[in-house]
Amino acid sequence: MEERELFSEESCDGDIFKDEFHQDKVFTGISYESKRIVAKEFYRCRFQSCKFARSEFVDCQFQDCAFAGCDLSLIKINQSGFMTVCFVDSKLLGINWTNLRGPPNVSFETCVLSSCVFFGVALTRTSIRDCTVKDADFAEANLTLTDFQGCELAGTRFGNTNLSQCDFSGARNYQIDPRHNKFKKTKFSLPDAVSLLSAFDIVLK
């Protein structure tokens with residue numbers, strides 16, 4: 001098992017992120033809300049039960065990192081990059097993902113992604129499983145091969161979205177107009193798939 005340097009709220013003095021480069025570190029129980037973090041790199045780091053709500057990440061890079069049980073609600077991610085980053089059991093409310101440095105390589109499991117904006121973002125081959133994704137915006141996004149299995153999608157917007165080979169098995173409460181989105185081998189499951197017919201003037205019996 002690889003050894004990692006451990007950091008917690010109690011063990012740190014001063015600014016825990018004062019160094020520009022962080023590698024193989026575990027941050028546990030850190031409360032760093034409403035802060036501004038600029039030009040920092042995180043490589044193979046893990047964030048456990050940390051609070052970053054309303055903080056701003058500017059020109060930061062996260063690679064091969066994991067966030068578990070964290071609160072990142074309303075963070076700003078201006079010109080930052082996320083490469084092979086997973087989020088588990090975390091809150092990511094109201095985040096604008098359009099200001100990234102490049103297309104993200106991320107995954108989400110049992111997270112809250114409500115009110116997030118992914119307008120025009122390339123999220124190909126992304127795993128978004130068993131998440132609450134209410135009132136989010138995926139218009140103009142490329143979601144090819146993205147996995148939405150088990151997600152709650154009430155109020156979430158899809159418009160001119162590439163949903164080719166997406167998997168909505170077990171997803172709930174989505175409203176997707178087949179006339180204004182791209183489908184190709186897209187997977188849906190009953191009974192929720194019936195909602196796809198609501199865009200047409202038909203009567204079901």
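Above this note sits the structure.
Model, not experiment: these values are computed from the prediction. (Residues numbered from 1 in each chain as written. Predicted model: local features only at pLDDT ≥ 70, side-chain atom pairs only at ≥ 80, totals over all residues. Heavy atoms only, no water.)

K.L.:
Could you give an account of the pairing of strand 10 (residues 81–88), naming the residues involved and the relevant values?
P.N.:
Note: strand 8 (residues 61–68) against strand 10, seven bridges, orientation parallel. The partner of Q63 across the bridge, within strand 10, is M83. (Pairing = 2+ DSSP bridges. Helix = DSSP H or I, 4+ residues; strand = E, 2+ residues; numbered from the N terminus.)

K.L.:
How would you sum up the pattern of salt bridges? Please name residues and give values.
P.N.:
In the structure shown here, the tally under the stated rule is eight salt bridges. Where D147 meets R129, a salt bridge forms, and the shortest distance between an N and an O atom there is 3.6 Å. In this pair, D147 is assigned in the segment after strand 12 (127–129) and R129 in strand 12, connecting sequence segments 18 residues apart. A residue is classified by how much of its surface remains accessible, and R129, at 34% relative accessible area, is partly exposed. In this structure, D177 and R179 form a salt bridge, with 2.8 Å as the shortest nitrogen-oxygen distance. (Salt bridge = Lys/Arg side-chain N within 4 Å of Asp/Glu carboxyl O. Buried < 20%, exposed > 50% of the residue type's maximum accessible area, 1.4 Å probe, protein only.)

K.L.:
I'd like a description of the sheet that holds strand 4 (residues 36–38), backed by residues and values.
P.N.:
Pairing in this open sheet of three strands is parallel, and the strands run 4-7-9 from one edge to the other. In this open sheet, the two strands that pair with only one neighbour each are strand 4 and strand 9 (76–78). Here the average twist between neighbouring strands, direction ignored, is 10 degrees. As defined by bridge partners, strand 4 adjoins strand 7 (residues 56–58) across three bridges and the pair is classed as parallel. Within the sheet, the bridge partner assigned to R36 lies in strand 7 and is E56. (Axes fitted to C-alpha atoms, helices over the stretch in contact; angles between N-to-C directions.)

K.L.:
How would you sum up unusual backbone geometry? Please name residues and give values.
P.N.:
For the bond running from L190 to P191, omega is 5 degrees, close enough to zero to count as cis. Assignment of secondary structure puts P191 in the segment after strand 12. With a phi angle near 65 degrees, R54 is a residue other than glycine that sits in the positive phi range. The residue R54 is located in the loop between strand 6 (46–48) and strand 7 in this model. Note on R54: relative accessible area 48%, which makes it partly exposed.

K.L.:
Quick one: what's the story with the side chain of E56, residue by residue and with numbers?
P.N.:
With respect to the secondary-structure elements, E56 resides in strand 7. A polar contact is formed between the side chain of E56 and the side chain of R36, at a distance of 3.5 Å. Here E56 is in contact with K35, R36, I37, K76 and N78, once residues within four sequence places are set aside. (Polar contact = N/O pair within 3.5 Å; in protein donor to acceptor, adjacent residues only side chain to side chain. Contact = heavy atoms within 4.5 Å.)

K.L.:
So what about the nonpolar core? Which residues, and what values?
P.N.:
Soluble, globular proteins show a tendency: their nonpolar side chains are buried together. If you look at the biggest cluster of nonpolar residues, it comprises 54 residues, and the most contacted ones within it are F47, F52, F62, F87, W97 and F108. Of all elements in the fold, only strand 8, strand 10 and strand 11 (105–109) reach the threshold of two or more residues within this core. When residues no more than four places from it in sequence are discounted, the contact partners of F62 are F42, F47, F57, F67, G81, F82, M83 and V85. (Core = buried A, V, L, I, M, F, W, Y, C linked by side-chain atoms within 4.5 Å.)

K.L.:
Go over the environment of V26 with me, naming the residues and quoting the values.
P.N.:
Tracing the sequence through the fold places V26 in strand 3 (residues 25–28). On the basis of relative accessibility, which here comes to 12%, the residue V26 falls in the buried class. Sequence separation between V26 and R46 is 20 residues; the distance between their C-alpha atoms is 4.8 Å.

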